[in-house]
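Residue strings, one per chain:
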Amino acid sequence: AILTAVSSQSGWDKLDFNDIDKDFAARLTDDHVHAILHFINAKEDLRELSMAGCVNINGEGLRLLRDSSVKVVDLSLVGPNESPSMV
């Protein structure tokens, strides 16, 4: 589903996972993130990555970004204007 949305875009300089459903973002794994980053050629094209709400990520999926030109990475556990709370 997300790769379908990704494939309809071109010229990726920013990828913001806060733009997708919060429940969906919380279920994303490192394998999903790696596949998306590979698909959009993130190592060459991406400049900014926001993964707010992607709480199931341990970082393995970001290895593709080593030695890339990404300048900003947001790994917040909550999105903008949200309060972190324990349930």
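Everything here concerns the structure above.
Residues numbered from 1 in each chain as written. Predicted model: local features only at pLDDT ≥ 70, side-chain atom pairs only at ≥ 80, totals over all residues. Heavy atoms only, no water.

Caption draft 1: Structural view of the pattern of salt bridges. For the structure shown, the criterion picks out two salt bridges. The partner of Glu48 in a salt bridge is Lys14, and the shortest N-O contact between them spans 3.9 Å. Placement of the pair is Glu48 in strand β2 (residues 48-50) and Lys14 in strand β1 (residues 14-16), with a sequence separation of 34 residues. Classification of Lys14 as partly exposed rests on a relative accessible area of 41%. The salt bridge involving Glu60 is made with Arg63; its shortest N-O contact spans 3.1 Å. (Salt bridge = Lys/Arg side-chain N within 4 Å of Asp/Glu carboxyl O. Helix = DSSP H or I, 4+ residues; strand = E, 2+ residues; numbered from the N terminus. Buried < 20%, exposed > 50% of the residue type's maximum accessible area, 1.4 Å probe, protein only.)

Caption draft 2: Just the side chain of Asp30, in detail. Note on placement: Asp30 falls in helix α3 (residues 30-39). The charged side chain of Asp30 is buried without a salt bridge, its nearest counter-charge being Arg63 at 9.0 Å. Engagement of the side chain of Asp30 in a polar contact is seen with the backbone nitrogen of Gly59, the distance being 3.0 Å. In contact with Asp30, other than residues within four places in its own chain, are Asn56, Ile57, Asn58, Gly59, Glu60 and Gly61. (Lys, Arg positive; Asp, Glu negative; His and termini not counted. Polar contact = N/O pair within 3.5 Å; in protein donor to acceptor, adjacent residues only side chain to side chain. Contact = heavy atoms within 4.5 Å.)

Purely geometric numbers; function is a separate question.
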